[in-house]
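An overview of the molecular structure
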Amino acid sequence: MAAIEEDSNLVKLELACSDLRTLLQSSVKMEKTLEEMDKKFDFIEDNLSTAAKRVAPLQSLAMAAKALETRINRAVSPALALLHSFKLSDSLQQKLVELSDQLLTERSPRKRLKKLLKYVDCIDQLNVAINLISRDGEPVIQKLQEVVEFLSRTKATDQYRTQRLKETLITLRALYESEVDAMRFDGLLDQALLNLQDEFEIMLQQIRHQNIGEQQAAEDEADQTMVISDLGTEMEVQVIRRIAETLAANDCLDISIDIFVKVRYRRAAKALMRLNPDYLRTYTPEEIDEMEWESLETAMSLWIQHFELAVKTVLVSEKRLCNQVLGGLPEVLVWLECFVKIADKIMAVFFRFGEGVARSSKEPQKLFKLLEMFESLEKLQLEFSEIFEGESGADICIRFRELEKLLVHASSKVFWEFGLQIEGTSDGFPQPQDGSVPKLVRYAINYLKYLTTETYSAPMAKVFRTEQVWKAGILSKPETDENLLKDAISNIMEALQRNIESKSSRYKDKILPHIFVMNTYWYIYMRSRNTELGKLLGEQYLKNTYKTVAEESAYMYQRQAWGPLVRLLEKEDLEEPDNNQRSTGAFLRGKMEAFFNCFDEISLRHRGGYSIPDADLRAQIREATVRLVVPVYSEFLNKHSALLPVKSYVSPESFQGLLGQVFNGTDRTGNGRLKRRDSKNKVSVSVEGEVSYSRRARSNSIDM
């Protein structure tokens with residue numbers, strides 16, 4: 001077993017020895033091969049070194065050629081692009097000529113607008129090309145100059161090629177120097193811009209305000225809100241905007257603005273001229289004072305309508321058009337400035353008329369129109385500020401506020417001067433000779449009634465409040481509008497009372513002052529109650545101040561006018577001198593004669609000098625007088641019927657009719673006297689018509 005193991009190990013050792021021997025033999029062979037390879041590498045290295053020495057000059061020449069090519073290309077490539085720009089500008093100029101001819105012959109408005117857009121696009125492209133030539137020309141020529149000088153100095157290429165490059169440089173420089181300025185200022189681009197300015201003006205003229213006059217008439221009838229209409233179609237606005245942008249890009253912004261302002265102002269003014277505002281030609285205070293009131297009143301009404309129409313319709317449309325056309329320009333606020341230039345001339349005409357009216361004479365009848373003007377400005381104030389926004393519209397807004405201030409001062413001054421005219425005898429009119437209501441009182445009450453209506457009370461109170469704030473300061477606490485208006489009107493009413501008292505004191509007749517005060521105060525009371533004026537002053541105030549005084553005056557009138565007549569037949573005046581029937585009868589007939597004579601005298605005075613124009617008041621006075629006189633007359637006849645020829649005198653019923661005629665103002669006989677015949681010739685009295693009156697409620701009646 002051990003012998004077998006030894007044999008196996010021996011075999012393994014022999015095999016290992018054999019492998020080592022083979023490996024050593026292979027190593028020897030490899031070493032020989034490597035030696036041969038070293039020799040070959042040395043040979044190749046020698047060959048490469050020789051080749052490198054021979055190639056080195058060629059490599060330097062290649063690098064120099066590459067650098068030269070790069071330098072030449074750096075100058076030639078921009079030159080080629082410049083030549084391409086020249087070629088493009090030439091083709092665009094030819095296209096401009098063709099489009100210009102087409103625009104002249106085109107009759108369809110829509111097709112013409114489309115071709116005009118193409119015309120504008122072509123101008124924009126030509127402008128870009130010329131700007132490119134102008135911008136790149138000088139640097140390109142400079143680079144070519146540097147290349148030519150380099151080649152001439154280094155002789156990097158042959159003389160022929162250098163000469164050709166010099167000739168190209170000279171040609172390009174001459175072309176640049178001669179053509180660029182011509183293309184920009186004297187060529188087709190300049191002519192095209194002139195044509196574009198003409199097209200710009202023509203298109204702006206074609207955009208008009210439609211149906212301004214008809215719109216106002218429709219609004220007056222239907223009382224509708226004003227409709228703001230767009231100016232021009234979308235296509236027209238687009239073309240005009242493109243033209244404006246093109247003109248601005250070609251240094252024609254000022255020209256385009258001048259054209260826009262000039263044309264649009266004329267269009268806006270012409271639109272407003274359709275309203276026939278001839279009244280605006282009269283605007284100085286002196287000229288306005290010379291106008292007839294009817295004409296001035298109409299002018300002020302038209303001013304209110306036209307001012308609102310101009311602001312809310314015409315100028316709003318113009319502002320929108322300015323924004324659409326000029327809003328896209330690089331100068332952001334130029335469109336607002338253009339709009340203000342257009343509006344300024346128009347608004348100046350309206351402002352100067354309003355200022356002239358406010359500064360004219362302060363006549364009472366102007367107050368209501370002044371308040372209407374003020375109220376219209378108040379309603380427009382917010383919208384006006386929005387329309388004339390920004391710094392550019394500040395001057396117009398300032399003038400708007402100044403006009404409001406003038407109207408506030410004018411309205412207030414007219415009101416207070418009206419009070420001064422009423423005060424005392426400053427109205428310059430004498431008292432009515434018949435005791436009727438003075439025209440001034442009628443005018444003043446109707447004036448105040450009209451002022452206290454809803455239409456005018458609010459703006460009048462606003463005027464008073466504004467003035468109070470101006471005087472006392474913003475931090476003050478002004479009274480309520482109602483109190484301000486009430487105090488102001490109360491002052492006028494007090495002035496009116498003083499005027500009435502002053503006039504009543506001028507009468508020489510003792511009865512006329514009472515008739516005058518009765519008529520006047522009753523008129524004030526009846527015309528004021530159940531109106532806005534009465535509500536403002538208060539019913540109790542009217543009764544205490546006017547009705548009570550009218551009743552007292554009526555009592556005094558009756559006492560002084562009819563009291564002497566009644567006293568002729570009263571008991572204390574009828575004491576008989578003795579018991580002689582004949583002498584007593586004569587005494588009674590004398591009393592009757594004196595009674596009728598006195599009655600005739602009173603009747604004549606009523607017919608010729610006394611007047612009670614109010615029918616209801618006259619009826620009440622007549623009724624009260626009948627109650628005062630007729631019973632005394634009837635009692636006298638009945639008591640002394642035995643001593644008097646009763647049939648010779650008018651009956652109490654007929655006498656009542658005669659009293660009615662006194663207050664009706666009818667003539668009883670040819671000479672206005674009662675005639676009494678003796679027993680042979682009886683009195684004939686004709687009472688024309690029935691005496692009738694309608695008695696109102698107790699609150700409307702006079703208590704005497």
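For every chain, the first residue of the written sequence is number 1, and numbering continues from 1 along that sequence. Two thresholds apply to this predicted model, a pLDDT of at least 70 for residue-level local features and 80 or more for giving and counting side-chain atom pairs, whereas whole-chain, interface and lining totals are computed over all residues. Where side-chain values are given, they derive from all heavy atoms of the structure, hydrogens and water being excluded.

Moving on to the overall build of the protein. Broken down by element type, the protein carries 22 helices and zero strands. Summary of the burial criterion: residues with accessible area below 20% of their type's maximum are buried, those above 50% are exposed, and those between are partly exposed, where the area comes from a 1.4 Å probe applied to protein chains only. Residues classed as buried in the protein amount to 42% of the 704 residues present. Throughout, a contact is declared for two residues whenever any of their heavy atoms are within 4.5 Å. Within the protein, counting contacts between residues at least 6 apart in sequence, those at least 24 apart form 82% of the total. Note on areas: Shrake-Rupley, 1.4 Å probe, and residue coverage restricted to the protein chains presented here. When the accessible surface of the protein is summed, it comes to about 39000 Å², and 51% of that surface belongs to carbon and sulfur atoms. Every helix listed is a DSSP run of H or I at least four residues long, and every strand listed is a run of E at least two residues long, numbered separately from the N terminus.

To continue, consider the environment of L485. Within the element layout of this structure, L485 appears in helix α15 (residues 481-504). Owing to a relative accessible area of 5%, L485 belongs among the buried residues under this scheme. Once the C-alpha coordinates of L485 and V463 are considered, the two residues, 22 residues apart in sequence, prove to be 9.6 Å apart. Discounting residues that sit within four places of it in the chain, L485 has contacts with S457, M460, F464 and L536.

A grouping of M30, L34, M37, F41, F43, I44 and L48 is seen on the molecular surface, where their side chains present a nonpolar patch of about 740 Å² in accessible area. Along the chain, M37 falls in helix α1 (residues 2-105). Residue class for M37 comes out partly exposed when judged on its relative accessible area of 37%. Only residues whose relative accessible area exceeds 30% and that form no salt bridge enter a patch; like-charged residues are grouped when within 9 Å of one another, and nonpolar side chains (Val, Leu, Ile, Met, Phe, Trp, Tyr) when within 5 Å. Should a side-chain nitrogen of Lys or Arg be within 4 Å of a carboxyl oxygen of Asp or Glu, the pair is scored as a salt bridge.

Attention shifts here to helix α11 (residues 367-387). Note on helix geometry: an α-helix contains 3.6 residues per turn, so any two residues three or four positions apart are oriented the same way. To estimate the expected span of a helix, count its residues, drop one, and scale the result by 1.5 Å. End to end, α11 covers 29 Å across 21 residues, agreeing with the expected 30 Å (1.5 Å per residue, within 8%). Values of bend correspond, residue by residue, to the angle between axes fitted over the seven residues ending at that residue and the seven starting there. Along α11, the largest kink reaches about 50° and is centred on Q381.

A few words now on the packing of helix α12 (residues 394-422) against helix α14 (residues 454-472). Axes are the key here: two packed helices are described by the angle between their axes and the distance separating the axes. Following both chains from N to C, one finds α12 and α14 inclined at 105°, their axes separated by 10 Å at the closest point. For the element pair α12 / α14, the angle class is roughly perpendicular. The residues of α14 that touch α12, namely those facing K405, V408, H409, S411, S412, F415 and W416, are M460, V463, F464, T466, E467 and W470. Classification convention: Asp, Glu, Lys, Arg as charged; Ala, Val, Leu, Ile, Met, Phe, Trp, Tyr, Cys, Pro as nonpolar; all other residues, Gly among them, as polar. Among the residues forming the contact of α12 with α14, the class breakdown is seven nonpolar, four polar and two charged. In this analysis, axes come from line fits to C-alpha atoms, helices being fitted only over the stretch in contact, and the angle between any two N-to-C directions falls in the range 0 to 180 degrees. Working rule for angles: under 35 degrees goes down as roughly parallel, over 145 as roughly antiparallel, 65 to 115 as roughly perpendicular, anything else as oblique.

Along the chain, S436 turns up in the loop between α12 and α13 (439-451). The class of S436 is buried, set by a relative accessible area of 13%. Definition of a polar contact: a pair of N or O atoms within 3.5 Å, with one able to donate and the other able to accept a hydrogen when the atoms are protein atoms, and with sequence-neighbouring residues admitted only if both atoms are side-chain atoms. Engagement of the side chain of S436 in a polar contact is seen with the side chain of D434, the distance being 2.8 Å. If we ignore the near neighbours within four places in the chain, the residues touching S436 are F516, N519, T520, S611 and P613.

Interpretation note: all reported values are geometric properties and have no functional meaning in isolation.
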